[in-house]
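Listed here are the chains, written in short residue letters.
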Amino acid sequence: MQILLLGKNGQLGGEFARILPQFGTLTAVDYPEIDFTKPDALRQFVGEVQPGLIVNAAAYTLVDKAEEQPEIAEAINATAVRALAEESARLNAVLVHYSTDFVYDGTKPTIYVEDDAANPLSVYGKTKLAGDQAIMAAGGAYFIFRTSWVYSVGGDQSFVTKVLKWARHHKTLRIVDDQTGSPTWSKALANLTAQVIAKGGDTCYNFAQDHGGLYHLSGKGAVNRYEWARAILALDPGKAEQIVEEIVPASSAEFPAPARRPVHSPLSCERFEKTFGIEVPPWRAMLEKAMAGK
Ligand SMILES: NC(=O)c1ccc[n+]([C@@H]2O[C@H](COP(=O)([O-])OP(=O)(O)OC[C@H]3O[C@@H](n4cnc5c(N)ncnc54)[C@H](OP(=O)(O)O)[C@@H]3O)[C@@H](O)[C@H]2O)c1
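Per chain, the residues get numbers from 1 upward, laid out in the order the sequence is written. Since the coordinates come from a predicted model, pLDDT governs what is reported: local features require at least 70, and pairs of side-chain atoms require 80 or more to be given and counted, while whole-chain, interface and lining totals use all residues. Neither water nor hydrogens contribute to the side-chain values; these are computed over all heavy atoms in the structure.

Regarding the sheet that holds strand β10 (residues 213–216)
Strand pairing follows a simple DSSP-based rule, namely that at least 2 bridges must link the two strands. Think of it this way: any DSSP run of H or I at least four residues long counts as a helix, any run of E at least two long counts as a strand, and we number them from the N terminus. An order of β2-β1-β3-β4-β5-β10 is seen for the six strands of this open sheet, with the pairing classed as parallel. With partners counted over all chains shown, the strands left at the sheet margins are β2 (25–29) and β10, one partner each. Sheet twist, expressed as the average angle between the axes of neighbouring strands with direction ignored, equals 20°. By the bridge criterion, four bridges tie strand β1 (residues 2–6) to strand β3 (residues 53–56) in an arrangement that is parallel. Within β3, the position partnered with Leu4 by the bridge is Ile54. Contacts are residue-level and defined by heavy atoms, with any inter-residue pair within 4.5 Å sufficient. Between N-to-C directions, angles cover 0 to 180 degrees, with each direction set by a line fitted to C-alpha atoms, over the stretch in contact for helices. With respect to the sheet, helix α1 (residues 11–19) is in contact with β1, β2, β3 and β4 (94–100), its orientation differing from that of β1 by roughly 155°.

Have a look at this one:
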């Protein structure tokens, strides 16, 4: 099977670059080799690769910057995704794509399920929702995995790596305790996706036609950012390097940001677990493995 991975250098894409070769011949690309702001070139590229499976880990993920660059966010998260979904349908390929908890407004007091109404608060959330809708309208076989609070332990962009860095440079950390979500380790997310692909096996397309759709897929359970930060620091294998003395709960109002975020957006993974018979680990178990480098 020809497999096309888009966004190979991102948190999630980096994990897929390592695990997708087991399923076939992998073509893995990222910006600038492929530019999602140029949908015609993207279509042509997909046509040349002729994939049976497309994994799209590319996205415009700068949530605050998207407020100043709505056209670029729309081009990457919606217009390009529509092109990808249409090409995928034309080739009878399976499209695997990732969405976000930021499509919800966070006003639901309990955990979000896939049938809950989306009502994004930010440009990022709106453009990601438009991408989801474009895939659903294209008529092809797809899996949309709606995930949340994705982190990796390499790089320096995720909340986990930022907290570890702050704890080495500051004696006091102020972390908001009024945002609740489901933290998701990028490696676990890629591995869970790979288990679904493996279930499809040689008949991946038929499997996706029968079982494709929208699924929540995140670390199971919910935590606020303050408690998450405490868990990260407690599990830090380099604890001796920390100089932090106190972690103080704070309010989001103390850290004004251009983009509005849902205050409460934990995701239920029940549909995923029941459909595929795959157990999703709790967010803390994912974090333990991530911090232990497993
Ligand atoms: N991170 C989260 O907390 C989170 C939460 C919920 C859902 N998600 C979703 O999960 C998926 C993976 O997220 P992630 O955290 O792994 O993202 P990421 O680390 O930001 O990676 C995104 C990748 O897309 C590439 N990209 C950006 N602009 C592009 C363009 N014009 N053309 C082609 N590629 C471009 C980036 O390249 P450059 O680095 O060169 O820009 C990067 O390699 C995304 O769909 C995201 O929306 C993420």
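Concerning the site of the ligand
Whether a residue is near a molecule or strand depends on its heavy atoms: if one lies within 4 Å, it is near. Around the ligand sit 23 residues in total, of which Asp30, Phe36, Thr61, Tyr124 and Lys128 are the nearest. Between the ligand and the protein, one listed contact pairs a nitrogen atom with a backbone N or O atom of Ile34 at 3.5 Å. The term polar contact refers here to a pair of N or O atoms within 3.5 Å; inside protein, the definition further demands a hydrogen-donor-capable atom paired with an acceptor-capable atom, and it admits residues adjacent in sequence only when both atoms are side-chain atoms. Note that an oxygen atom of the ligand is positioned 2.7 Å from one of the side-chain N or O atoms of Lys128. Coverage of the ligand by the protein amounts to 79% of the 900 Å² it exposes when considered alone. At the level of elements, α1, β4 and α4 (123–138) are the ones that each hand at least two residues to the shell around the ligand. A total of three residues in the shell around the ligand trace back to one element, the largest contributor, which is β4. Each residue gets one of three labels, nonpolar for Ala, Val, Leu, Ile, Met, Phe, Trp, Tyr, Cys and Pro, charged for Asp, Glu, Lys and Arg, and polar for the others, Gly among them. Of the residues that constitute the shell around the ligand, the class distribution is twelve nonpolar, eight polar and three charged. All accessible-area figures derive from a Shrake-Rupley calculation using a 1.4 Å probe, and residue coverage is judged against the displayed protein chains alone.

Section: the packing of aromatic side chains
For any two aromatic rings, the description comes down to two numbers: the centre-to-centre distance and the angle of the planes. Put simply, two rings from Phe, Tyr or Trp (the six-membered ring, in Trp's case) pair if the centres are within 6.5 Å, and we call them stacked under 30 degrees between planes, edge-to-face over 60, tilted for the rest. Following the criterion strictly, the structure yields 17 aromatic pairs and no others. Geometrically, the ring pair formed by Phe102 and Tyr124 is edge-to-face, given 6.0 Å between the ring centres and 85° between the ring planes. On the criterion of sequence distance, the pair formed by Phe102 in the loop between β4 and α4 and Tyr124 in helix α4 is long-range, its members being 22 residues apart. Remark: exposure states derive from per-residue accessible area (1.4 Å probe, protein chains only) relative to the maximum for the residue type, with buried under 20%, exposed over 50%, and partly exposed in between. Residue class for Phe102 comes out buried when judged on its relative accessible area of 8%. Since its relative accessible area comes to 9%, Tyr124 is described here as buried. Arranged with centres 6.2 Å apart and planes meeting at 40°, the rings of Phe145 and Tyr215 form a pair that is tilted. Taken together, the positions of Phe145 in strand β5 (residues 141–147) and Tyr215 in strand β10 put the pair 70 residues apart, joining distant regions of the chain. When its relative accessible area of 4% is taken as the criterion, Tyr215 is described as buried. Members of the aromatic cluster, joined through ring pairs, are Phe16, Tyr98, Phe143, Phe145, Phe207, Tyr215, Phe272 and Phe276. Above the face of the Tyr112 ring, Lys108 is positioned so that its terminal group lies 5.7 Å from the ring centre. Either the NZ atom of lysine or the CZ atom of arginine qualifies as a charge over a ring when it sits within 6 Å of the ring centre and within 35 degrees of the ring normal.

Comments concerning empty space enclosed by the protein
Cavities and pockets were defined on a 1 Å grid built over protein atoms only: a cavity is a set of grid points that admits a 1.4 Å probe from which the probe cannot escape, a pocket is an open set flanked by protein on both sides within 12 Å along at least five of seven lines, and lining residues are those with an atom within 4 Å of any such point. Grid points are joined across faces, edges and corners, and a volume is the space filled by probe spheres set on the points. Under the definition given, this model contains one cavity of 30 Å³ or more. The calculated volume of the largest cavity comes to roughly 30 Å³. What lines the largest cavity is Ala85, Ser88, Leu95, Ile135, Ala138, Gly140, Ala141 and Tyr142. Going through the elements one at a time, α3 (70–90), α4 and β5 are the ones with two or more residues in the lining of the largest cavity.

Things to note about the pattern of salt bridges
By convention in these notes, a salt bridge is any Lys or Arg side-chain nitrogen within 4 Å of a carboxyl oxygen on Asp or Glu. All told, the structure shown has 16 salt bridges when counted by the stated rule. For Asp115, the salt bridge identified is with Arg271, shortest N-O distance 3.1 Å. Here Asp115, found in the loop between β4 and α4, pairs with Arg271, found in helix α9 (residues 270–276); they are 156 residues apart in sequence, far enough to count as distant. Given the relative accessible area of 64%, Asp115 is considered exposed.

Examining helix α10 (residues 283–291)
Among the residues making up α10, those that are buried are Trp283, Met286, Leu287, Ala290 and Met291. Around the axis of α10, the buried residues are gathered within 125° of arc, so they sit on the same side. Its buried side turned inward, α10 meets β6 (150–151), α5 (159–169), β9 (184–185), α6 (186–200), β11 (223–224) and α8 (225–235). Gly293 sits one or two positions beyond α10 and adopts a positive phi of about 70°. It is the directions from the helix axis to the C-beta atoms that the arc portrays.

Here we look at helix α7 (residues 204–211)
Buried within α7 we find Cys204, Phe207 and Ala208. Viewed along the axis of α7, the buried residues span an arc of 100°, placing them on a single side of the element. Counted as exposed and oriented over 90 degrees from the buried face of α7: Gln209 and Asp210. Packed against the buried residues of α7 are β4, β5, α6 and α9. Once α7 finishes, Gly213 follows within two positions and takes phi at roughly 145°, a positive value.

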